[in-house]
Amino acid sequence: MSKTLVAYFSASGVTAKLAKTLADAIGADLHEIKPETPYTDADLNWNNPKSRSSVEMNDKSFRPPVAGGVDHMEEYDRIFVGFPIWWYVAPTIINTFLEQYDLAGKTVVPFATSGGSGMGNTNRELKDSCKGANLKEGKRFSANAGTSELKTWAEQF
Ligand SMILES: Cc1cc2nc3c(=O)[nH]c(=O)nc-3n(C[C@H](O)[C@H](O)[C@H](O)COP(=O)(O)O)c2cc1C
């Protein structure tokens, strides 16, 4: 039996809503990627070069610790990974998440929400974190993308 997981990180709830809609639409399991230390509003201030998110995203080798994990990742062969676009790419906590598992042979499909930017260089930053996986070209959705749009998109994988 092939199983699908929708794993997501969401700092302010937008991606969380989309991830839930996607998981419902395709009958997948849902997993929230939680930071060990949650991001406060001040942490998320991209106008402040000293805010936590600015400092973290300036160092692409930094891995923000994740709390908890996916039980039985080996059971999933298709993993949708959702996140907000931060500075034109995935937040580095997505690298932390991917690097926790052996994803060789699995299909990994990124999806995102953003203020308007597309996926940018997201895959370039993610590919070394999921070695051996079939990393697909992902897609950025608007915050209010609905069930049928998400289902139609997901079915191609
Ligand atoms: C630190 C930070 C950096 C961001 N960088 C971008 C960006 O480069 N392009 C963009 O369109 N939106 C950017 N955004 C906006 C978020 O991608 C957008 O609000 C997203 O939908 C938030 O999702 P969430 O509620 O799941 O965290 C940024 C937000 C934060 C907090």
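Given the structure is predicted, the values throughout are model-derived calculations rather than measurements.

Along the backbone of the protein there are five helices and eight strands. When the helices and strands of the protein are read in sequence order from the N terminus, they spell out β-α-β-β-α-β-β-α-β-α-β-β-α. Computed over the C-alpha atoms, the radius of gyration of the protein is 15 Å, within 12% of the 15 Å expected from 2.2 N^0.38 for a compact globule of 157 residues. Considering only C-alpha atoms, the protein reaches an extent of 45 × 30 × 25 Å along its principal axes. For the protein, the proportion of contacts with a sequence separation of at least 24, taken over those separated by at least 6, is 77%. Counting only carbon and sulfur atoms, one obtains 47% of the accessible surface of the protein, whose full area is about 8,000 Å². Put simply, the protein has 17 plus and 19 minus side-chain charges, and the middle of one group is 5 Å from the middle of the other.

On a regular strand, each side chain points to the face opposite its neighbour's, so the side chains alternate between the two faces of the sheet. With five of six residues buried, strand E1 (residues 3–8) lies mostly within the body of the structure. Bridge analysis of E1 against strand E2 (residues 29–32) gives four bridges, and the strand direction is parallel. Of the residues in E2, the one forming a bridge with Tyr8 is Glu32.

Turning next to a nonpolar patch on the surface. On the surface, a nonpolar cluster with roughly 440 Å² of combined accessible area is contributed by Trp46, Trp87 and Tyr88. Relative to the elements of secondary structure, Trp87 occurs in the loop between strand E5 (76–84) and helix H3 (93–99).

What follows concerns helix H5 (residues 147–154). Considered for burial, the residues of H5 that qualify are Leu150, Trp153 and Ala154. Seen from one end, H5 has its buried residues packed into an arc of 95°, which puts them on one side. Exposed residues on H5 whose side chains face more than 90 degrees from its buried face are Ser148 and Thr152. Looking at the buried positions of H5, the neighbouring elements they touch are helix H1 (14–26), E5, strand E6 (107–113) and strand E8 (139–140).

Here we come to the environment of Ser53. Locating Ser53 in the fold gives a position in helix H2 (residues 52–57). What makes Ser53 buried here is its relative accessible area of 3%. Distance in space between the C-alpha atoms of Ser53 and Tyr88 is 13 Å, their sequence separation being 35 residues.

Around the ligand, a shell composed of 19 residues is seen, among which Ser10, Ser12, Thr15, Thr113 and Ser117 lie nearest. A distance of 2.8 Å separates an oxygen atom of the ligand from a polar backbone atom of Val14. A distance of 3.0 Å separates an oxygen atom of the ligand from a polar backbone atom of Gly115. Within the complex, 86% of the 650 Å² of free accessible area of the ligand lies under protein. According to the grid-proximity analysis, the pocket containing the ligand is the largest pocket. When its residues are assigned to classes, the shell around the ligand shows nine nonpolar, 10 polar and no charged.

Rules used in this analysis
- Here the residue numbers are simple positions, counted from 1 along each chain's written sequence.
- Selection of residues for local features in this predicted model requires a pLDDT of at least 70, selection of side-chain atom pairs for listing and counting requires 80 or more, and totals for whole chains, interfaces and linings are taken over all residues.
- Here the side-chain values reflect all heavy atoms present in the structure, with hydrogen atoms and water set aside.
- Only DSSP runs of H or I reaching four residues or more are called helices, and only runs of E reaching two or more are called strands; each is numbered from the N terminus.
- C-alpha atoms define the radius of gyration, and 2.2 Å times the number of residues to the power 0.38 defines the globule rule.
- Any two residues whose heavy atoms approach within 4.5 Å are treated as being in contact.
- Only the protein chains shown count as cover for residues, and all accessible areas are computed by the Shrake-Rupley method using a 1.4 Å probe.
- His is not counted, nor are the chain ends; Lys and Arg add positive charge and Asp and Glu add negative charge.
- To locate a charge, the coordinates of NZ of Lys, CZ of Arg, CG of Asp or CD of Glu are taken.
- Partly exposed residues are those whose accessible area sits between 20% and 50% of the maximum for their type, while under 20% is buried and over 50% is exposed, using a 1.4 Å probe and protein chains only.
- We treat two strands as partners when DSSP finds at least two bridges between them.
- The patch calculation keeps residues exceeding 30% relative accessible area without a salt bridge and links them within 9 Å when they carry like charges or within 5 Å when they are nonpolar (Val, Leu, Ile, Met, Phe, Trp, Tyr).
- Salt bridge, as used here: a side-chain nitrogen of Lys or Arg that lies within 4 Å of a carboxyl oxygen of Asp or Glu.
- The arc under discussion is defined with respect to the helix axis, by the directions toward the C-beta atoms.
- Any residue with a heavy atom lying within 4 Å of a molecule or strand is counted as near it.
- Contacts described as polar in this section are N or O atom pairs within 3.5 Å, which, within protein, must combine one atom able to donate a hydrogen with one able to accept it, while residues neighboring in sequence count only if both atoms come from side chains.
- A cavity here means a set of points on a 1 Å grid, drawn over the protein atoms and nothing else, where a 1.4 Å probe fits but cannot get out; a pocket is an open set with protein on both sides within 12 Å along at least five of seven lines, and a residue lines either one if it has an atom within 4 Å of a point.
- Cavities and pockets are treated as containing a molecule whenever more than half of the molecule's atoms lie within 2 Å of their grid points.
- When residues are grouped by polarity, Ala, Val, Leu, Ile, Met, Phe, Trp, Tyr, Cys and Pro land in nonpolar, Asp, Glu, Lys and Arg in charged, and all others, Gly among them, in polar.

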